[in-house]
Amino acid sequence: MPSIEKLGLSAFSTKKAETEPWLIQRAFVPPPDFEFLKGDHSTVIFGEPGSGKTASCLALEQYGITNTKRLIVRWHPVTSEKVKAPSTSLAMDQLLDILCSCVRIFGEKLSKEPSLLFKAAPATQEYLVWFVKRFADKKDFLETLPSALSKKEKDQFNELNERFPHDLFEDDFDPMVVATEFTKAMEMIGFASVWIMVDGVEWVTENQRKSAVNSLRSLLSTLKMFNIPYLSFKMALPMEFEAELADAIAITRDRAMVFRLSWDEKYLSSIIERRLAVTVGDVVSIGDIYNTEEVNSWLMVCGGSNPRGWLEYFRPLVSTYWDIVSSGKSRRLSKAEWKNARSRSSLNLKFDPETNQIRVGMGAVKMLSAEVGAIFSYLYKNQGRYCTKKELYYKAYVPFAVPEDKIKDFGEQFTLSKEYDDLINTVIYRIRQIVEPNPKDKEPVFVTSKRDMGIRLSTQAFQ
C-alpha cells in the first residue's frame, strides 16, 4: 500500500472545503450518486450547511478539468436589496453576468495556452475576439492578455485585434445567441462542454435571500437556457431553496436533475477515517480510537447526518488520540480519556417553545409530544436550577392536562406520591432519550437529577 502523507491535526483544523486545498486529492469521500453528477447534464444539488456541497463542487471541477477537457466557470447569482420578481428579463440579466464570468475564465486559459485561439478557424477567431472585447472588464482585447506573452504571440494577438471589428454584433444582441455561439466556439477549440458552477450562495438580509432565489428561479424557469448546446449548470444550493425552486420548469421537465445530499453512518464513518489516515499517515479506523458503536452513536446524535457535524464533534477525540500517537504509543483511548475528550466539545441544546422543536448540536431537529413539551418547556424556562417533581407536576403538567376552568377545583389533592412520581419519571426518561447524546450513560449531560433537589436542565453540556 502506498504511503500516506501525514498532515497531523491540520486535517481536522477546518471544516470548510474551500479552505482545504488538500481535501479533494487526499481525503474526499464522494457522496451517494456522485457518478450521476459527472455527466454533461445540468444538476441541482440541495444540501444543508456542512453537508458537503462545496466539496462536491470542487471534486466535480477537478473531474471536469482532468478527466475530460471542460471549461469550468464559477458564478454566483446577482443579489440585491431591491428584489425583482422572477422573469425572463431577470434570467437574461443573469445570463449576461454568466457571460462576463465566462470571458474571465477564457482569458485565463488564453494566457496559459495562446494556441487555443491561433489554431481556431477564422470565423471562430472572429467571434471569440469580439466576445472578449464585449464582455471583458477592459474593452481592449489586448489589455485582457498577460504581459508575459512572447513577442510573436503579442504580434499574433495584435493582428487578430485589428482584423476583427468590435461591432460584430449590435448592442441589442440576444444573450441566448451569444451564449450559444460561445459554447459552440469552445467545442471547436477543444473543450467538451462549458460547466457553470454555482455554489456559495450567501446573503445577509431577507431581501438578498429572496433576490438570490428569484434570480435562480428565473434561470430554472427559462427552458431554452437548458437547450444551449455544450452548456451545463452544476448548482449546489441551500436546502431551504428547494421548496421555492421545485416547480421551476427546468426541474419539472428533467432538464436539470435534482439531488439531495444525504449521508448514512457508513459514509460518514468513511469521511472520518479518510481524514484520520492523512492525520497520522496510516490507515486508521474509528475502532482503533475507541469503541466504534459508542463513537458513531455519539457523532450521530451530536453531528446528525452531516459531515461538518461529525468533524466538529470528532475533533476532541482525534486530538486526544494524536497526543497518544505523538508520544510514540499506539493504543485506544481509555474510558476516562473518552469522557474527557467529549467534555471538551462545545455541545449545546436549542429549543423552540412555540413549535416544541429541539436540536442537539448539529443533529436532526426533533419534535416533542405535547405532554413532554409541557414539562420540558418548564425546565427550559428554569434552566440552571433544580425543579422538584412536585413542582414539575403542579406547575407544568397540571396546567397542560387539566382544563383551565377546573384547575381551581383540582387543588393539591396529593402529597408526593407514586402516582405522579412515576409520571414525572416517565417524562424525564423520554426527554433523556431525545436530548442525551448517550441515553444509556449514567451521567447525563443535559438533564441531571439530584436526590432531594429534583431535576435540572442545562442547555450547555458538561456543566
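Owing to the predicted nature of the structure, the values given are computational and were not obtained by experimental measurement.

Our next topic: the pairing of strand β10 (residues 454-457). Here 4 bridges tie strand β9 (residues 447-450) to β10, and the two strands are oriented antiparallel to one another. Directly across from threonine 448, in β10, lies its bridge partner arginine 456. Where β9 folds back onto β10 in an antiparallel hairpin, the turn is made up of 3 residues, including aspartate 452, whose phi is positive at roughly 70°.

Attention now goes to a negative patch on the surface. Among the surface-exposed residues, Asp264, Glu265, Glu293 and Glu294 lie close enough to one another that they form a single negatively charged patch. Tracing the chain through its elements places aspartate 264 in the loop between β5 (256-260) and α12 (265-280). Residue classification places aspartate 264 among the partly exposed positions, given a relative accessible area of 41%.

We now examine the packing of helix α4 (residues 88-112) against helix α9 (residues 206-220). Two elements in contact, α4 and α9, have axes separated by 8 Å at closest approach and are oriented at 95°. Comparing their axes, α9 and α4 come out roughly perpendicular. Where α4 approaches α9, its residues Leu90, Ala91, Gln94 and Ile98 are matched on the opposing element by Asn214, Ser215, Ser218 and Leu219. The residue inventory of the contact of α4 with α9, partitioned by class, reads 4 nonpolar, 4 polar and no charged.

Let's shift gears to the packing of aromatic side chains. Under the counting rule described, the total for this entry stands at 18 aromatic pairs. Between phenylalanine 106 and phenylalanine 182, the aromatic rings sit 6.4 Å apart at their centres with planes inclined by 80°, giving edge-to-face as the arrangement. With phenylalanine 106 in helix α4 and phenylalanine 182 in helix α8 (residues 175-188), this pair connects stretches of sequence that are 76 residues apart. Accessibility assignment for this pair places phenylalanine 106 and phenylalanine 182 in one class, buried. For the ring pair tryptophan 263 and tyrosine 267, a centre distance of 6.1 Å and an interplane angle of 70° mean the geometry is edge-to-face. The ring of phenylalanine 191 is capped by lysine 69, whose NZ or CZ atom sits 4.9 Å from the centre of that ring. The ring centre of tryptophan 298 lies 5.3 Å from the NZ or CZ of arginine 342, which sits over that ring.

When its volume is computed, the largest pocket comes out at roughly 920 Å³. In terms of lining residues, the largest pocket is bounded by 42 residues, among which Glu18, Lys53, Thr54, Asp199 and Arg308 are the most central. The biggest single contributor to the lining of the largest pocket is helix α3 (residues 53-66), with 7 residues. In terms of residue class, the lining of the largest pocket is built from 21 nonpolar, 8 polar and 13 charged. By volume, the second largest pocket is sized at about 370 Å³. Looking at side-chain class alone, the lining of the second largest pocket contains 7 nonpolar, 6 polar and 3 charged residues.

Next up on the list: the pattern of salt bridges. With the rule as written, the count across this model stands at 18 salt bridges. The partner of glutamate 206 in a salt bridge is arginine 209, with the nearest N and O atoms 3.2 Å apart. Here the residue glutamate 206 and the residue arginine 209 both occupy positions in helix α9, the gap between them amounting to 3 residues, near one helical turn. The buried category is assigned to arginine 209, whose relative accessible area is 10%. With a closest N to O distance of 2.8 Å, arginine 209 and glutamate 244 form a salt bridge. With a gap of 35 residues between them, arginine 209 in helix α9 and glutamate 244 in helix α10 (residues 242-245) connect regions that are remote in the sequence.

Turning to its location among the elements, histidine 41 is positioned in the loop between α2 (34-37) and β1 (42-47). Residues histidine 41 and serine 89, spaced 48 residues apart in sequence, show a C-alpha to C-alpha distance of 24 Å. In this structure the side chain of histidine 41 is engaged in a polar contact, spanning 2.7 Å, whose partner is the backbone oxygen of phenylalanine 36.

Another aspect to go through is the nonpolar core. The biggest cluster of nonpolar side chains holds 79 residues, and the ones touching the most others in it are Phe314, Phe376, Leu379, Ile431, Val435 and Phe446. Top element by residues in this core is helix α14 (residues 307-326). It accounts for 8 residues. Not counting chain neighbours up to four residues away, the residues in contact with isoleucine 431 comprise Val372, Phe376, Leu379 and Val447.

Here the focus is the sheet that holds strand β8 (residues 366-367). The strand order β6-β7-β8 describes an open sheet built from 3 strands, whose pairing is antiparallel. Strands with a single pairing partner mark the edges of an open sheet, and in this sheet they are β6 (349-352) and β8. As paired elements, strand β7 (residues 357-360) and β8 share 2 bridges and run antiparallel to each other. Of the residues in β8, the one forming a bridge with isoleucine 358 is lysine 366.

Further remarks concern helix α13 (residues 292-303). The first and last C-alpha atoms of α13 sit 15 Å apart over 12 residues, in line with the 16 Å expected at 1.5 Å per residue. Burial in α13 covers these residues: Val295, Asn296, Trp298, Leu299, Cys302 and Gly303. Mapping the buried residues of α13 onto a view down its axis gives an arc of 160°, with all of them on the same face. Elements in contact with the buried residues of α13: α12, α14, α15 (335-343) and β7. Between the side-chain oxygen of the N-cap and the backbone nitrogen of glutamate 293 there are 3.1 Å, and the N-cap of α13 in question is asparagine 291.

Taking strand neighbours across the sheet as the criterion, the 5 strands line up as β2-β3-β4-β1-β5 in an open arrangement whose pairing is parallel. At either end of the open sheet lies a strand with only one pairing partner, and these are β2 (70-75) and β5. For this sheet, the mean angle separating the axes of adjacent strands, direction not counted, is 15°. Bridging between strand β3 (residues 193-198) and strand β4 (residues 231-238) involves 5 bridges; their strand directions are parallel. By the bridge assignment, valine 194 is partnered in β4 with leucine 231. Running at roughly 130° to β2, α4 makes contact with β2, β3 and β4 of the sheet. Here α8 sits on the sheet in contact with β2, β3 and β4, set at roughly 120° to β3.

Each value, and the rule that gives it
Residues numbered from 1 in each chain as written. Predicted model: local features only at pLDDT ≥ 70, side-chain atom pairs only at ≥ 80, totals over all residues. Heavy atoms only, no water. Pairing = 2+ DSSP bridges. Helix = DSSP H or I, 4+ residues; strand = E, 2+ residues; numbered from the N terminus. Patch = residues over 30% accessible without salt bridge, like charges linked within 9 Å, V, L, I, M, F, W, Y side chains within 5 Å. Areas by Shrake-Rupley, 256 points an atom, 1.4 Å probe, with all protein chains shown as cover. Salt bridge = Lys/Arg side-chain N within 4 Å of Asp/Glu carboxyl O. Lys, Arg positive; Asp, Glu negative; His and termini not counted. Charge placed at Lys NZ, Arg CZ, Asp CG, Glu CD. Buried < 20%, exposed > 50% of the residue type's maximum accessible area, 1.4 Å probe, protein only. Axes fitted to C-alpha atoms, helices over the stretch in contact; angles between N-to-C directions. Parallel < 35°, antiparallel > 145°, perpendicular 65-115°, else oblique. Contact = heavy atoms within 4.5 Å. Nonpolar A, V, L, I, M, F, W, Y, C, P; charged D, E, K, R; others polar. Phe/Tyr/Trp six-rings, centres within 6.5 Å; stacked < 30°, edge-to-face > 60°. Lys NZ or Arg CZ within 6 Å of the ring centre and 35° of its normal. 1 Å grid on protein atoms, 1.4 Å probe; cavity = no way out; pocket = protein on both sides within 12 Å on 5 of 7 lines; lining within 4 Å. Points joined across faces, edges and corners; volume = space filled by probe spheres on them. Polar contact = N/O pair within 3.5 Å; in protein donor to acceptor, adjacent residues only side chain to side chain. Core = buried A, V, L, I, M, F, W, Y, C linked by side-chain atoms within 4.5 Å. Expected span 1.5 Å × (residues − 1). Arc of directions from axis to C-beta.

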